[in-house]
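Single-letter residue listing:
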Amino acid sequence: MSNAERAQQLRDLLRLLNDSAEVIIKDWEGSEQTAPVESGAPLPTPEVYEATRIVTGACGMFLDLVQEPGSRLTEIACVYFLSRALHVAAQARVAEILADADPTEGMSAALISEKTGINDQKLTRVLRTLSSVHVFKEVRNGYFANNRTSDALARDHYLSDWLLLHGLEYYTAADQLLPLLFDKVKTNATSDRITAWQDAMGAGLRNWTRGMIGGGRAIASGIHSDYPWEALGSSTIVDVGGGAGGTSLDLAGRFPNLRFVVEDLPSTIQQAQAVWTREYPEALQRGRVKLQPIKGAEVYFMRAILHDWPDDQCVTILSHLRAAMGPDSIILVADQVVNTTVGSPLLKAAPPPLPLNYGIARYFGNMHDLTMMAINNGMERTPEMSDTIAKRAGLKVTKIWECRSIIYTAELRVREDS
Ligand SMILES: C[S@@+](CC[C@H](N)C(=O)[O-])C[C@H]1O[C@@H](n2cnc3c(N)ncnc32)[C@H](O)[C@@H]1O
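Now for a description of the structure that goes with this document. These numbers were taken from a predicted model, which means no experiment stands behind them.

Some details on the site of the ligand
No. 1: All residues in the neighbourhood of the ligand are listed as Met212, Gly241, Gly242, Gly243, Asp264, Leu265, Thr268, Arg303, Ala304, Ile305 and Asp308.
No. 2: Thr268 is positioned such that a nitrogen or oxygen atom in its side chain is 3.3 Å from an oxygen atom of the ligand.
No. 3: Considering the ligand on its own, with 600 Å² of exposed area, one finds that the protein chains cover 74% of that surface.

Pasting the structure below:
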């Protein structure tokens, strides 16, 4: 790219950034709310959501345009230490500890060290790493406080569990992905038993019910608002592989007429029972939620299920659901919907000069795709890839709801010709 073209791109980006930032500023200026936000709530308006992802995508593209390539690549190559710093802070519950500190005075690293058991000098370096990317704030030399982002962590213990899910086994599995991809045999494996996870852990997948509740709130809250649940009346939603039933838990509180059945493996259902008894016992007592299987329901819902599996197993899961469905049943799949930088006719395209998938505003989908590759040969799919597996199970993707969250909702129905 010539310097003239780069200069033009930078100007176009600045204009886009300015226009989108004004949308956000106008919204802030017109809003009363000053309280810190909980993870994933409240949702921004559709206009602010769109402006936010344009600003985020633009920030990523700015770095590519202006940063020296060697520096940028070096940073990308070691960004895992940034993740590691966050894992340490989450494990040590630093945000919760700082919730007791005066936000302008902060808390000394020595005191945080006393409460966490981590050496104060090392802890200072960890927290400074995070403060440099605007997670926590060093208010004066060696004194730290929560900022808007770390405050969300202090308020939501499920969010910590979600972050630690990435920090413990996922992290270890990621380490084995490099040798696995260069192994002549394993590189071609599609089995969920021949993965980086297996090489790292030598064991099957663990169950992460609490982390999935936190993850759902952090990255899937848009599916509660941007799908017309109200129109389903008193339908029964079967939360297939529901884990602790995190989605049902959030939907049950918002849509009092919906009924829920949470299906999962027996050991997981035991944990779900404990979560519902603590969080929403009335729903269990009134029979609004059942923790068991059912046929012919209006809606079969799957969040973070199909992405766990290679194509053939997804076809098996979908075929079983197809057999359980009535003629008007639908399947809702809540997963990442991967868009590529060259775009998909089924997804909204970002405005120029952004890449058609909004660049870094949606790159968590790509990172999670690699996570799925590492742990069980699963994958995050494009709309076209989802339609291909749906077709093999006698189903079709009828609509993709582009929700205001990282996770979208795809609606599947029975194919007339199946
Ligand atoms: C990634 S978790 C998703 C949990 C939940 N849908 C959520 O979003 O919080 C995958 C779930 O699939 C469940 N699962 C795995 N194999 C299953 C099977 N054969 N039958 C039912 N559930 C299964 C696991 O126990 C786990 O709870």
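Once the structure has been displayed, the description carries forward.
Here's the deal with the sheet that holds strand β6 (residues 289-290)
No. 1: Read across the sheet, seven strands follow the order β6-β5-β4-β7-β8-β10-β9 without closing on themselves; strand pairing throughout is mixed. Each edge of the open sheet is held by one strand with a lone partner, namely β6 and β9 (395-401).
No. 2: When strand β7 (residues 299-303) meets strand β8 (residues 330-336), the two strands line up parallel, connected through five bridges. Bridging from a neighbouring strand, Val299 pairs with Ile330 of β8.

Notes on the pattern of salt bridges
No. 1: Applying the stated criterion across every chain, the model contains 19 salt bridges.
No. 2: A salt bridge links Glu279 to Arg278; the shortest N-O distance between them is 3.8 Å.
No. 3: Judged by relative accessible area, Glu279 falls into the partly exposed class, the value being 35%.
No. 4: Exposure remark for Arg278: the relative accessible area of 49% places this residue in the partly exposed category.
No. 5: Here Arg415 makes a salt bridge to Asp417, at a shortest N to O gap of 3.1 Å.
No. 6: Classification of Asp417 by relative accessible area gives exposed; the value is 61%.
No. 7: It is possible to trace a salt-bridge network through shared partners that takes in Glu50, Arg53 and Lys348.

Some thoughts on the sheet that holds strand β2 (residues 137-140)
No. 1: Read across the open sheet, the three strands follow the order β1-β3-β2; overall the sheet is antiparallel. Edge positions in the sheet fall to β1 (107-108) and β2, since each of these pairs with one other strand and no more.

A closer look at the pairing of β7
No. 1: Burial of β7 is extensive: five of the five residues sit out of reach of the surface.
No. 2: By the alternation rule, side chains of β7 split into Val299, Phe301 and Arg303 and Tyr300 and Met302, which are all buried.
No. 3: Where strand β4 (residues 236-240) and β7 come together, three bridges link them in parallel fashion. Opposite Val238, over in β7, you have Tyr300 as the bridge partner.

Regarding the packing of helix α10 (residues 169-182) against helix α18 (residues 363-376)
No. 1: Axis separation between α10 and α18 bottoms out at 9 Å; the angle between their running directions is 75 degrees. As summarised for this structure, α10 and α18 are arranged roughly perpendicular, according to the angle between their axes. Residues Tyr170, Ala173, Leu177 and Leu181 of α10 pack against His368, Leu370, Thr371, Met372, Met373, Ala374 and Ile375 of α18.
No. 2: Its residues assigned to classes, the contact of α10 with α18 comprises nine nonpolar, two polar and no charged.

Considering the environment of Ser83
No. 1: Checked against the element boundaries, Ser83 lands in helix α4 (residues 80-91).
No. 2: Given a relative accessible area of 32%, Ser83 falls into the partly exposed group.
No. 3: The spacing of Ser83 and Met325 is 242 residues in sequence and 42 Å in space, taken between C-alpha atoms.

Here's the deal with helix α7 (residues 120-132)
No. 1: Along its 13 residues, α7 runs 18 Å from first to last C-alpha, staying within 8% of the 18 Å computed at 1.5 Å per residue.
No. 2: Within the span of α7, buried status applies to Leu123, Thr124, Val126, Leu127, Leu130 and Ser131. The buried side chains of α7 occupy one side of the element, clustering within an arc of 165 degrees when seen end-on. Exposed side of α7, more than 90 degrees from the buried face: Gln121, Lys122, Arg125 and Ser132 are the residues found there.
No. 3: Residues of α7 that are buried sit in contact with α4, α5 (94-98), α6 (109-116), β2 and β3 (143-145).
No. 4: Between the side-chain oxygen of the N-cap and the backbone nitrogen of Gln121 there are 2.9 Å, and the N-cap of α7 in question is Asn119.
No. 5: Where α7 ends, the next residue or the one after it, His134, has phi of about 65 degrees, a positive value.

Here is what the cut-offs are and how they apply
Residues numbered from 1 in each chain as written. Predicted model: local features only at pLDDT ≥ 70, side-chain atom pairs only at ≥ 80, totals over all residues. Heavy atoms only, no water. Near = heavy atom within 4 Å. Polar contact = N/O pair within 3.5 Å; in protein donor to acceptor, adjacent residues only side chain to side chain. Areas by Shrake-Rupley, 256 points an atom, 1.4 Å probe, with all protein chains shown as cover. Pairing = 2+ DSSP bridges. Helix = DSSP H or I, 4+ residues; strand = E, 2+ residues; numbered from the N terminus. Salt bridge = Lys/Arg side-chain N within 4 Å of Asp/Glu carboxyl O. Buried < 20%, exposed > 50% of the residue type's maximum accessible area, 1.4 Å probe, protein only. Axes fitted to C-alpha atoms, helices over the stretch in contact; angles between N-to-C directions. Parallel < 35°, antiparallel > 145°, perpendicular 65-115°, else oblique. Contact = heavy atoms within 4.5 Å. Nonpolar A, V, L, I, M, F, W, Y, C, P; charged D, E, K, R; others polar. Expected span 1.5 Å × (residues − 1). Arc of directions from axis to C-beta.

Distances and angles like these do not, on their own, reveal function.
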